[in-house]
There are 2 protein chains.
Amino acid sequence: MRHTRPASTPAAMSELNQSRIVHSLHADGISSRADIARKLNLTAPAVGKLVGRLIDAGIVSETGEMTSGGHGRSIGLKLNAKRYQVIGVKFARSLVQIAVFDIGGHLLSMEELPPVADENVEDCVEEVRGRIRGLLDEDPSIVAIGMAVPGPYLREEGRIAVVTSMQGWRGINFIKEFGKAFRVPTFIEQDARAGAMAESLFDSRIAGSSLAYYLVGEGVGLGVIDQGNPVDGNLGAATEIGHVSIDMNGTACECGNRGCLECYCSAVAIHTLMGRTNQGDHFPGLAAMTHKEACDLLFTMARQGDRTSMALLDQVADYVGYGCVTIVNAYNPAQIIIGDLVAQAGQPLLDRVKSLVSARALPQVRDHTEILLSDLPADATLTGAAAVAANQFLEHPSSLGGMG
Amino acid sequence: MRHTRPASTPAAMSELNQSRIVHSLHADGISSRADIARKLNLTAPAVGKLVGRLIDAGIVSETGEMTSGGHGRSIGLKLNAKRYQVIGVKFARSLVQIAVFDIGGHLLSMEELPPVADENVEDCVEEVRGRIRGLLDEDPSIVAIGMAVPGPYLREEGRIAVVTSMQGWRGINFIKEFGKAFRVPTFIEQDARAGAMAESLFDSRIAGSSLAYYLVGEGVGLGVIDQGNPVDGNLGAATEIGHVSIDMNGTACECGNRGCLECYCSAVAIHTLMGRTNQGDHFPGLAAMTHKEACDLLFTMARQGDRTSMALLDQVADYVGYGCVTIVNAYNPAQIIIGDLVAQAGQPLLDRVKSLVSARALPQVRDHTEILLSDLPADATLTGAAAVAANQFLEHPSSLGGMG
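Residues numbered from 1 in each chain as written. Chains lettered and ligands numbered in written order. Predicted model: local features only at pLDDT ≥ 70, side-chain atom pairs only at ≥ 80, totals over all residues. Heavy atoms only, no water.

Engineer: Please explain the domain arrangement of chain A as it appears in this structure.
Structural biologist: Frequently, the measure chosen for interface size is the accessible area that the parts lose on association. Residues and elements named next belong to chain A. Split into domains, chain A comes out as domain 1 (13-82), domain 2 (84-196 + 380-400) and domain 3 (207-373). Relative to domain 2, the C-alpha centre of domain 1 lies at a distance of 29 Å. At the interface, 14 residues of domain 1 touch twelve residues of domain 2. Viewed at the interface, domain 2 and domain 1 are joined by zero salt bridges. Along the contact surface separating domain 1 from domain 2 lie three residue pairs in polar contact (both at pLDDT 80 or more). Mapped by element, the contributors of at least two residues to the side of domain 1 that touches domain 2 are helix H1 (17-28) and helix H3 (44-56). (Domains from an automatic or database assignment. Contact = heavy atoms within 4.5 Å. Salt bridge = Lys/Arg side-chain N within 4 Å of Asp/Glu carboxyl O. Polar contact = N/O pair within 3.5 Å; in protein donor to acceptor, adjacent residues only side chain to side chain. Helix = DSSP H or I, 4+ residues; strand = E, 2+ residues; numbered from the N terminus.)

Engineer: Hey, could you run me through the relation of the copies chain A and chain B in this one?
Structural biologist: Note: a rotation about an axis with an accompanying shift along it relates these two copies of the chain. When chain A is brought onto chain B, the operation consists of a screw motion whose angular component is 180 degrees and whose axial shift is 0.0 Å, with 0.0 Å RMSD remaining. Taken together, the rotation angle and the small translation identify this as a two-fold axis. In terms of C-alpha distance to the rotation axis, chain A has Asp247(A) as its closest residue, with the C-alpha 2.1 Å off the axis. By residue overlap, the copies meet face to face through one surface: 100% of the interface positions of chain A are interface positions in chain B. (Least-squares fit on C-alpha atoms with pLDDT ≥ 70 in both.)

Engineer: Would you mind showing me how to read the environment of Leu95(A) here?
Structural biologist: Residue and element names in this part refer to chain A. Looking at where leucine 95 falls in the secondary structure, it is placed in the loop between strand E4 (85-91) and strand E5 (96-102). Measuring from C-alpha to C-alpha, the distance between leucine 95 and leucine 113 comes to 7.0 Å, with 18 residues separating the pair along the chain. Dropping the residues within four chain positions of it, leucine 95 is found in contact with Lys90, Glu112, Glu218, Lys292 and Leu341.

Engineer: Teacher, can you tell me more about the packing of aromatic side chains here?
Structural biologist: The way to describe two aromatic rings as a pair is by their centre distance and the angle between their planes. Applying the stated criterion across every chain yields a total of 21 aromatic pairs over all chains. Residues Phe178(A) and Phe182(A) carry aromatic rings whose centres are separated by 6.4 Å and whose planes lie at 20 degrees to one another, so their mutual orientation is stacked. Neither Phe178(A) nor Phe182(A) differs from the other in exposure class; each is buried. On the numbers, 5.5 Å between centres and 70 degrees between planes, the contact of Phe91(B) with Trp169(B) is edge-to-face. Within this pair, whereas Phe91(B) is found in strand E4 (residues 85-91), its partner Trp169(B) is found in the loop between strand E9 (159-160) and helix H5 (174-178), the two being separated by 78 residues in sequence. Taken individually, Phe91(B) and Trp169(B) each receive the classification buried, so the pair is uniform in this respect. Through successive ring pairs, a cluster of aromatic residues spans Phe91(A), Tyr153(A), Trp169(A), Phe174(A), Phe178(A) and Phe182(A). (Phe/Tyr/Trp six-rings, centres within 6.5 Å; stacked < 30°, edge-to-face > 60°. Buried < 20%, exposed > 50% of the residue type's maximum accessible area, 1.4 Å probe, protein only.)

Engineer: What is the right way to look at helix H10 (residues 307-331) of chain A in this model?
Structural biologist: Because each turn of an α-helix spans 3.6 residues, side chains separated by three or four positions in sequence point in the same direction. Residues and elements named next belong to chain A. Its 25 residues give H10 an end-to-end C-alpha distance of 35 Å, which sits within 8% of 36 Å, the value for a rise of 1.5 Å per residue. Among the 25 residues that make up H10, 19 are buried, leaving the element largely enclosed by the rest of the structure. The positive-phi residue at the C-terminal boundary of H10 is asparagine 332, with phi of around 45 degrees. (Expected span 1.5 Å × (residues − 1).)

Engineer: Please explain the sheet that holds E4(A) as it appears in this structure.
Structural biologist: Strand pairing in a sheet relies on backbone hydrogen bonds, with the paired strands running either antiparallel or parallel. Residues and elements named next belong to chain A. The mixed open sheet is built from five strands, whose spatial order is E6-E5-E4-E7-E10. The open sheet has two edge strands with one neighbour each: strand E6 (107-112) and strand E10 (186-190). Between one strand axis and the next, the sheet turns by 20 degrees as a mean value, whatever way the strands run. One ladder, built from seven bridges, connects E4 with E5; its direction is antiparallel. Residue phenylalanine 91 lies in a different strand from E5, and its bridge partner there is valine 96. (Pairing = 2+ DSSP bridges. Axes fitted to C-alpha atoms, helices over the stretch in contact; angles between N-to-C directions.)

Engineer: In this structure, what is going on with the interface of chain A and chain B? I would like to understand it.
Structural biologist: Across the boundary between the two partners, chain A contributes 49 residues, which contact 49 residues of chain B. When chain A packs against chain B, the two sides together hide about 3900 Å² of surface, and 52% of this comes from carbon and sulfur. Among the residues of chain A in contact with chain B, Met248(A), Asn329(A) and Arg360(A) are the three that bury the most area, contributing 18% of the side total. Scanning the region where chain A abuts chain B turns up zero salt bridges. (Buried area = accessible area lost by both parts, 1.4 Å probe.)

Engineer: How should I be thinking about the sheet that holds strand E15 (residues 370-373) of chain B in this particular structure?
Structural biologist: All names here are of chain B. Across the sheet, five strands lie side by side as E13-E12-E11-E14-E15; this open sheet has mixed pairing. For this open sheet the edge positions go to strand E13 (229-230) and E15, each flanked by a neighbour on one side alone. In this fold helix H11 (residues 347-360) packs onto strand E14 (335-339) and E15, with an angle of close to 160 degrees to the strand it touches most, E15.

So, in structure tokens, the structure goes:
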């Protein structure tokens, strides 16, 4: 059987050790089994077993004897990262990106679709299917596809429960549309949870096994890994910080709740906020812009010292900060990584978020919580989509074809 | 070494299978290994191994052959639950309870200390120590002590980071005060997380491995078990729903945040709220009452049809409901069990909470979320404190003395 878990969800992070070995070999070059065991804090038998599988799969080869410092001779291992590739797809709202990564998590190519509107969501699905088929036809070394979709994503059902400001996506059953559409299997994960996986695997600043990826983009989302386990919930709909209320009497949200965080600091909300303060065409061309372009304009003008833009950015940063305080109290991660469009505001945003967290979170807890901006080479969610696919391939190589 | 993990925290829920077997034998009486495997959805070898350990420890004995329906003959197993006992202690704010349970989680005796005030927190610690020593002297079959304390409890440090309306407790280092005070080891857990463990083990209505125990008592707390794993956070300070804001511009809380849920619906907040509407001594004797007595009066008067009390209770229930909506969006548990003092309001509270969740949470998610009132024979947190100790004993019997 080729498709054991088509259009399914990733394994627990504790099963990520093959991915971690692959990444370590990519980062460090030729290494011995002992080097890997030491670096990843794994036992020698565990590394031996996992490396054996990777060698059988042709992903890793032995290079012959190498001399390691004081430990005598040992066999070098090197990565054949390019032998297998994966496709990552990120669905946001108007933004859809498709990229090819090697199995070590490195970006090989990326394309962005034209902005999607509510009425052409179905065309977009068709377009994504077509482009993926094109990539698969060109390149036989692609072995799996990972997709990251906005939450709350109901994993058994294959649908998103609510997509603020673009409900068209609710009509799409991702499992039905993509589950059996290709010669390789497709795996689907909530966007920020995929982002947390990418940060955990590929960000060298991540020290422990308790982290949160805080996605502030066209939507607002969160992925939490707690002591090595992703917080999923019963239906896969946990950690929906975008729909946690910061004001029980606040703005009505399309989800039914009031005062949802997403209503205040998503790229969509920022675009709306800019429109409201756009007297005298302060933000030239705003109406015709995508949400991303509007945010970029705001951040650029704020950097150039425009007072209206600076004040608006401060306001947005405070909302991002309220969300951060909730993340600290609700999940107590060791590290919070802020990523996606709004993180492009950079240091001024981060500083203001940190100062709000200092004022509102418990000193004994926040002093042990590091807040960072994502600095992966590609967007964490897009990278995470590929990581979900790569991890499934590495865990179940024989079931996905191409190996065995 | 006797005290492997003194004053430590419980193992992951996945290690609870010995406790589950013990409880199953208590609930069902004499059973075969096959009966147990079927009921608990465990493999035959797993049950064989765990039962072997329980027999070696003298907790379970074989009763001889029994006939089970159609499967031929098999050996019956019975529980010697009374052979080992554990002490559970619940620290709330003014309320402190000490109870003795058998290893099957059944209450044998319970005592409540006189109400504690800020200035006599240290005397209370001394009193608890004395009473526990008395119990241990009387009864050599007590093998461990479990304590449940209000969160945010910093597990490495042994201290509570903030205790609204009774900061005196912050001065207590629980590990220092209790860690090595007794002839048996002491294990400490955040109160609601202990409650979640008790619900998971002992409430027959709990169907799956994703649940939340929502403690609405002198404080407001939450314990979440997600896919079998307790959500702990990096320092043990996760799931602090009491300090998740429901109004970013709301009441200033002692934790530094604004609009914390705990400021609106704890027993302390209810007592204050009653004081504010106590015109013409509507609630006779209110000022001299404990928080528990004040809540009991409110719920009684509401049941008797007093309009002021009914309106007040509705208001409180709405706040409890906002917390529930946050729990749904933040953790997506299959079941939420509301317990502690405020749950004594009963069905009217539950109905109003459910209706608020129906209005504000996503239909596709809330339709798969059951909301219940705790109905364990004793308070879930107190039961959970004992369960933490019993579980440690069952997992590491030889290290705790008395066995092996």
